[in-house]
Amino acid sequence: MNDVIAVLIKKLSSKSVLERKEAIRGLKQHMGNSHMARLSLDYISEHDPSYTIRNLARQALPTQEKTPIWERTHVFSTEG
């Protein structure tokens, strides 16, 4: 399964809009199993030059209630 996700992530950098759409649809199926799929779609939803691709990536991402809020993640302990 990791190989499938790796191939789909490589397709996200394709010049072809159709290949990027296909990759987004494929990654959407693996959202529950892979943090890399979610991070890739999150990146594409912000940075892809095509509005259509950005919109598809946003729609593929789960709603905010289901996903952790990255800004509220506490990495360092405040205890001394």
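What you see is a predicted model; the values in this text were computed from it and never measured.

Trainee: Sorry if this is basic, but what is going on with the side chain of S40 here?
Mentor: Counting through the fold element by element, S40 comes out in helix 3 (residues 35-47). Overall, S40 belongs to the buried group, its relative accessible area being 10%. Those residues within four positions of S40 in sequence are excluded, and the remaining contacts are I9, L12 and L27.

Trainee: How do you make sense of helix 3 when you look at a structure like this?
Mentor: Structurally, the α-helix is built with 3.6 residues per turn, so residues lying three or four positions apart point the same way. For helix 3, with 13 residues, the first-to-last C-alpha span of 18 Å sits near the 18 Å given by 1.5 Å per residue. If you check which residues of helix 3 are buried, you get A37, R38, S40, L41, I44 and S45. All buried residues of helix 3 project into a common sector of 165 degrees when viewed along the axis, lining one side. Residues of helix 3 that are exposed and angled more than 90 degrees away from the buried face: H35, Y43, E46 and H47.

Trainee: What exactly am I supposed to notice about the packing of helix 1 (residues 2-11) against helix 2 (residues 17-29) here?
Mentor: Two measures define how a pair of helices packs: the angle their axes make with one another and the distance between the axes. The interhelical angle for the contact between helix 1 and helix 2, taken along N-to-C directions, is 145 degrees, at an axis separation of 8 Å. Of the two elements, helix 1 crosses helix 2, and the hand of that crossing is left-handed. Here I5, L8, I9 and K11 of helix 1 lie close against helix 2, whose contacting residues are E19, R20, E22, A23, G26 and L27.

Trainee: Would you explain the environment of S13 in this entry?
Mentor: Here S13 lies in the loop between helix 1 and helix 2. For the pair S13 and A23, spaced 10 residues apart in sequence, the C-alpha to C-alpha distance is 9.6 Å. A polar side-chain atom of S13 sits 2.8 Å from the main-chain carbonyl oxygen of K10.

Trainee: Help me out: how do you make sense of the packing of helix 3 against helix 4 (residues 51-60) in this one?
Mentor: Between helix 3 and helix 4, whose axes approach to 7 Å, the crossing angle comes to 145 degrees. Viewed along their axes, helix 3 and helix 4 form a crossing whose handedness is left-handed. Within the contact between the two elements, helix 3 uses L41, I44, S45 and E46 and helix 4 uses I53, R54, A57, R58 and A60. Within the contact of helix 3 with helix 4, the residues separate by chemical class into five nonpolar, one polar and three charged.

Parameters and conventions
- Every chain is numbered on its own, with residues counted from 1 as its sequence reads.
- Given that the model is predicted, a residue must reach a pLDDT of at least 70 before its local features are reported, and side-chain atom pairs must reach 80 or more before they are shown or counted; all residues, however, enter totals for whole chains, interfaces and linings.
- As a convention, hydrogens and water are excluded, and side-chain values are obtained from all of the structure's heavy atoms.
- Only runs of H or I of at least four residues qualify as helices and only runs of E of at least two qualify as strands under DSSP, and these elements are numbered from the N terminus.
- Throughout, exposure labels follow a simple rule: accessible area from a 1.4 Å probe, protein chains only, divided by the maximum for the residue type, with under 20% read as buried, over 50% as exposed, and the rest as partly exposed.
- The contact definition used throughout considers only heavy atoms, calling two residues in contact when any of these lie within 4.5 Å.
- The length a helix should cover is 1.5 Å for every residue beyond the first.
- Throughout, the arc means that of the directions going from the helix axis to the C-beta atoms.
- Lines fitted to the C-alpha atoms define the axes, with helices restricted to the stretch that makes contact. Angles between their N-to-C directions range from 0 to 180 degrees.
- Helix crossings fall into two classes, left-handed where the near helix is turned counterclockwise from the far one by less than a right angle and right-handed where it is turned clockwise.
- Throughout this description, a polar contact denotes any pair of N or O atoms lying within 3.5 Å of each other; where both atoms belong to protein, one of them has to be capable of donating a hydrogen while the other can accept it, and for residues adjacent in sequence the pair is counted only when both atoms sit in side chains.
- Under this grouping Gly is polar, as are all residues other than the nonpolar Ala, Val, Leu, Ile, Met, Phe, Trp, Tyr, Cys and Pro and the charged Asp, Glu, Lys and Arg.

Purely spatial values, then, with no claim about function.
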